[in-house]
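One-letter residues, chain by chain:
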Amino acid sequence: MGSNIADQSEGKTWDGGSVKPMGASYGKMMMWFFIVSDALTFSGFLAAYGLTRFKFIDIWPIADEVFTHFPFMHGVHAPMYYVALMTFILIFSSVTMVLAVDAGHQMNKKKVTFYMFLTIIGGVIFVGSQAWEWKNFIQGSYGAVQLKDGKIVQFVKDGHQIALGDFVVGKHEQKQHTRNNGLWFEDGETIPNYTVQEVFEAFKSNEDVLLRIEKINPETKQKIIVSREEGLKYLSQSARVVEGANLEVNEYGSAQFADFFFFITGFHGFHVFSGIVLNIIIFFNVIIGTYEKRGHYEMVEKVGLYWHFVDLVWVFVFTFFYLV
Amino acid sequence: MGHGASHKALIWKVFGILSVITIVEVVLGIIKPEFLFKTQFLGTSILNSLFIILTIVKAYYIVYYFMHLDDEKKNFKYSIVLPLVILIPYLATLLIIEGGYVHDTLAPYLNWAY
């Protein structure tokens, strides 16, 4: 490494001068130590997620039933495929990044430019995919009912979850209030498509619809489906209809599940976004020949470290939110 | 590194390893083999433990080969790796045990009969 670094710090010691007990330049070492602290931050979040999950181990939502969408395949139950694709996109952009670093060591400006460009494209596709994933999560796909004590109940038919729209007839009597038709109106809760009463009536008249509660059967590791009579008892305690997810309530189950999902994938997505911005800055520096003049491409290596770290965090987020 | 030698072959090899591990994870996650999924061991299923081990293997390849940590000096390498491998399992173990305890304490009070 040392042979490539243009060291002009003789006599000036704010960055440690030319004495490098750890064999790495100041910038690279600090990038590594930043990554260590950021890794500990993410572990703190994921460990908190672990604590909450074990706290609600018998009622936690099952990931396969939450993330089931794939682009252009509407209505197809496709758990995991999309997030696996996202993982590949990010791993691949890591590969192009490391190829850019490799080209930098050979002072090959053209190749560094090309691979940096591919890396940025990969990052943009990843952030876009994450936005799509969020959109599906927020909109929800089935809808559920929240009981007075906060429990979420979902509806199933022939063992598969069905959407409220599949069996409830809504009259849409109440209209969403907007600012332009109320002088003092600021904002209000989104009104769901169906009322609690409509859902109750529809459940009563559709004999083949069953109720699924949050509790997991430890034998089968599936959510428990209760009988018709019990289902009616549960539904008589209905408080509101829930469609999609927000920080307060979600149709998938435990509110903390959505909170952690939004917080951790959001924080990771923000890291990806920062990484793209850094990559773009370095990309233009490469184009105008900054590092060619400097005699080494260590800046590419430093943003590369950050970019790989983002990939590394995703590997863990992928495991703990989608697989485990 | 820095001697003009290209690491391309190594990079593609690591990419291959990461891809294979990811594919194995996704396939296992979709078919969920009965034996691995239902057998409980150390508070979770064997399948979950397997996922976590595979993830750590992936992390090793990313850090050691993509981030070139393997090429750094020994003291630098360990000043990065040791804090993480000591602190993270420590924090995770304590919090997960605590979460299990909170569950055991609170779950009996949750009413499921209406």
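This one's a predicted model, so the numbers in the text were calculated from it and none came from an experiment.

### Structural notes on the overall build of chain B
Tallying secondary structure elements over chain B gives four helices and two strands in all. The secondary structure elements of chain B, listed N-terminal to C-terminal, are α-α-β-β-α-α. Against the compact-globule benchmark of 13 Å for 114 residues, chain B has a radius of gyration of 20 Å, which places it well outside the compact range. Along the longest, intermediate and shortest principal axes, the C-alpha atoms of chain B span 70 × 35 × 20 Å. For chain B, long-range pairs separated by at least 24 residues make up 48% of all intrachain contacts whose partners lie at least 6 apart in sequence.

### Description of the overall build of chain A
A tally of regular secondary structure across chain A gives nine helices and six strands. Against the compact-globule benchmark of 20 Å for 324 residues, chain A has a radius of gyration of 26 Å, which places it well outside the compact range. Expressed as lengths along the three principal axes of its C-alpha atoms, the size of chain A is roughly 85 × 50 × 40 Å. By sequence separation, contacts in chain A at least 24 residues apart represent 67% of the contacts at least 6 residues apart.

### Some points on the domain arrangement of chain A
All names here are of chain A. Split into domains, chain A comes out as domain 1 (46-140 + 257-323) and domain 2 (144-243). If you average the C-alpha positions of domain 1 and of domain 2, the two centres end up 35 Å apart. Facing the five residues of domain 1 at the interface are six residues of domain 2.

### Some words on the environment of Y234 of chain A
Relative to the helices and strands, Y234 of chain A resides in helix α6 (residues 228-235). Linking Y234 of chain A and L211 of chain A, residues 23 residues apart in sequence, is a C-alpha distance of 8.6 Å. Setting aside anything within four residues of it in sequence, one finds Y234 of chain A in contact with L147, V153, L211 and V226 of chain A together with Y114 of chain B.

### A word on the interface of chain B and chain A
Counting residues at the interface gives 47 residues for chain B, matched by 50 residues for chain A. Breaking the side of chain B that touches chain A down by element, the ones donating at least two residues are α1 (8-31), α3 (46-66) and α4 (74-106) of chain B. Looking at the side of chain B that touches chain A, the element that brings in the most residues is α4 of chain B, giving 16 residues. For the side of chain B that touches chain A, a count of residues per class yields 28 nonpolar, 13 polar and six charged.

### Some remarks on unusual backbone geometry
Residue and element names in this part refer to chain A. The backbone of M80 sits at a positive phi, close to 75°, despite the residue not being glycine. Position of M80 relative to the elements: it lies in the loop between α2 (63-66) and α3 (81-105). One non-glycine residue with positive phi stands out, namely M107, at about 55°. By secondary structure assignment, the location of M107 is in the loop between α3 and α4 (109-139).

### What to know about the pairing of strand β1 (residues 144-147) of chain A
Residue and element names in this part refer to chain A. Pairing geometry for β1 and strand β6 (residues 238-242), over four bridges, is antiparallel. Each bridged residue has a counterpart across the sheet, and for V145 the counterpart in β6 is V241. One ladder, built from two bridges, connects β1 with strand β2 (residues 152-157); its direction is antiparallel. By the bridge assignment for β2, Q146 is matched with I152. Linking two consecutive strands that pair antiparallel, namely β1 and β2, is a turn of four residues; a positive phi of about 100° is found at G150 within it.

### Observations concerning the domain arrangement of chain B
Parsing chain B into structural domains produces domain 1 (1-71) and domain 2 (73-114). The straight-line distance from the C-alpha centre of domain 1 of chain B to that of domain 2 of chain B is 21 Å.

### Description of the nonpolar core
Residues and elements named next belong to chain A. Formed by 75 residues in total, the largest nonpolar core has its most connected members in V83, A100, V112, M116 and V300. Counting residues per element, this core draws most heavily on helix α9 (residues 298-323), which supplies 16 residues. Look past the residues within four positions of A100 in its chain and what remains in contact with it is V112, Y115, M116, T119, V300 and G304.

### With respect to α4 of chain A
Residue and element names in this part refer to chain A. Relative to the 45 Å expected for 31 residues at 1.5 Å per residue, α4 spans 45 Å between its end C-alpha atoms, a close match to the ideal helical length. Of the residues making up α4, those classed as buried are V112, Y115, M116, T119, I120, G122, G123, F126, Q130 and F137. Buried residues belonging to α4 abut α3, α7 (255-287) and α9. Directly after α4, the chain includes G140, whose backbone phi takes a positive value near 75°.

### Structural notes on the packing of α9 of chain A against α3 of chain B
Two elements in contact, α9 of chain A and α3 of chain B, have axes separated by 10 Å at closest approach and are oriented at 175°. The orientation of α9 of chain A with respect to α3 of chain B, classified from their angle, is roughly antiparallel. Two secondary-structure elements touch here, α9 of chain A through H308, D311, L312, V315, F316, T319 and L323 of chain A and α3 of chain B through F51, I52, T55, K58, A59, I62, V63 and F66 of chain B.

### As for α3 of chain A
Residues and elements named next belong to chain A. Here α3 contains 25 residues, and its C-alpha end-to-end distance of 36 Å stays within 8% of the 36 Å for a straight helix at 1.5 Å per residue. Burial analysis of α3 places 20 of its 25 residues in the buried class, the great majority of the element. Following α3 by one or two positions, M107 adopts a phi angle in the positive range, close to 55°.

### Thoughts on the packing of α1 of chain B against α3 of chain B
Residue and element names in this part refer to chain B. It is the contact of α1 with α3, at a shortest axis distance of 10 Å, that shows an interaxial angle of 165°. For the element pair α1 / α3, the angle class is roughly antiparallel. Every pair of crossing elements has a handedness; the one defined by α1 and α3 is left-handed. Facing L10, V14, I17, L18, I21, V24, E25 and L28 of α1, the residues of α3 in contact are L47, F51, L54, V57, K58, Y61, Y65 and F66. Tallied by class, the residues present in the contact of α1 with α3 amount to 14 nonpolar, no polar and two charged.

Calculation rules
- Residues numbered from 1 in each chain as written.
- Chains lettered and ligands numbered in written order.
- Predicted model: local features only at pLDDT ≥ 70, side-chain atom pairs only at ≥ 80, totals over all residues.
- Helix = DSSP H or I, 4+ residues; strand = E, 2+ residues; numbered from the N terminus.
- Rg over C-alpha atoms; globule rule 2.2 N^0.38 Å.
- Contact = placed C-beta atoms within 7 Å.
- Domains from an automatic or database assignment.
- Nonpolar A, V, L, I, M, F, W, Y, C, P; charged D, E, K, R; others polar.
- Pairing = 2+ DSSP bridges.
- Core = buried A, V, L, I, M, F, W, Y, C linked by C-beta atoms within 7 Å.
- Buried ≥ 20, exposed ≤ 12 C-beta atoms within 10 Å, placed from the backbone.
- Expected span 1.5 Å × (residues − 1).
- Axes fitted to C-alpha atoms, helices over the stretch in contact; angles between N-to-C directions.
- Parallel < 35°, antiparallel > 145°, perpendicular 65-115°, else oblique.
- Left-handed = near helix turned anticlockwise from the far one by under 90°.

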